[in-house]
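Examination of the molecular architecture
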Amino acid sequence: EPGPFGVLFVGTIAGVYSCNKVTCGRSSGWLPYGTGLPHVSVRSLQINCAANLMFAATFGRGVWAIPVTCPQR
C-alpha cells in the first residue's frame, strides 16, 4: 500500500523494501528498508506516525518495529 507520504512499502520473504513515486518504475528503484529483520515472510505492515514506527508482522518470528519518518501534521 502507499505510505503516508508518497512512499510505497512492500514486505517480502527477504525483508521490507521501499521506493518513492519517481523510482518505483525502475528495476533499481526498490531499496531495502530497515535492518535486523529475520529471513521470514512479512505478512503485514502497519505505520504508526505518532510513534514514528512501522510494524512488520512476520510469519513465525513475531512483530518487528522499524523507524520511519512521517510528514509533519
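In case you missed it, the structure is sitting above this.
The present account deals with the structure reproduced in this document. Note that the structure is a prediction, hence the values are computed from the model and not measured.

About the criteria used
- Residues numbered from 1 in each chain as written.
- Predicted model: local features only at pLDDT ≥ 70, side-chain atom pairs only at ≥ 80, totals over all residues.
- Heavy atoms only, no water.
- Core = buried A, V, L, I, M, F, W, Y, C linked by side-chain atoms within 4.5 Å.
- Buried < 20%, exposed > 50% of the residue type's maximum accessible area, 1.4 Å probe, protein only.
- Helix = DSSP H or I, 4+ residues; strand = E, 2+ residues; numbered from the N terminus.
- Pairing = 2+ DSSP bridges.
- Axes fitted to C-alpha atoms, helices over the stretch in contact; angles between N-to-C directions.

Side note on the nonpolar core
Within the largest apolar cluster, nine residues are counted, these being Val7, Phe9, Val16, Val42, Met54, Ala56, Ile66, Val68 and Cys70. Contributions of two or more residues to this core are made by strand 1 (7-12) and strand 5 (53-58).

Things to note about the sheet that holds strand 1
Strands belonging to one sheet form pairs held by backbone hydrogen bonds; the direction of such a pair is parallel or antiparallel. If you walk across this open sheet you meet the three strands as 1-2-3, and the pairing is antiparallel. Sheet topology places strand 1 and strand 3 (31-32) at the edges, where each strand pairs with a single neighbour. As paired elements, strand 1 and strand 2 (residues 15-20) share six bridges and run antiparallel to each other. Each residue of the ladder has a partner; that of Thr12, found in strand 2, is Gly15.

Observations concerning the sheet that holds strand 6 (residues 63-67)
On the basis of which strands lie adjacent, the open sheet formed by three strands has the order 4-5-6 and antiparallel pairing. A strand with exactly one partner marks an edge of an open sheet, and here the two such strands are strand 4 (42-48) and strand 6. Within the sheet, the average angular offset between the axes of one strand and its neighbour, ignoring direction, is 20°. Here six bridges tie strand 4 to strand 5, and the two strands are oriented antiparallel to one another. Residue pairing across strands places Ile47 opposite Met54, the latter belonging to strand 5.

Interpretation in functional terms is not warranted from these geometric data alone.
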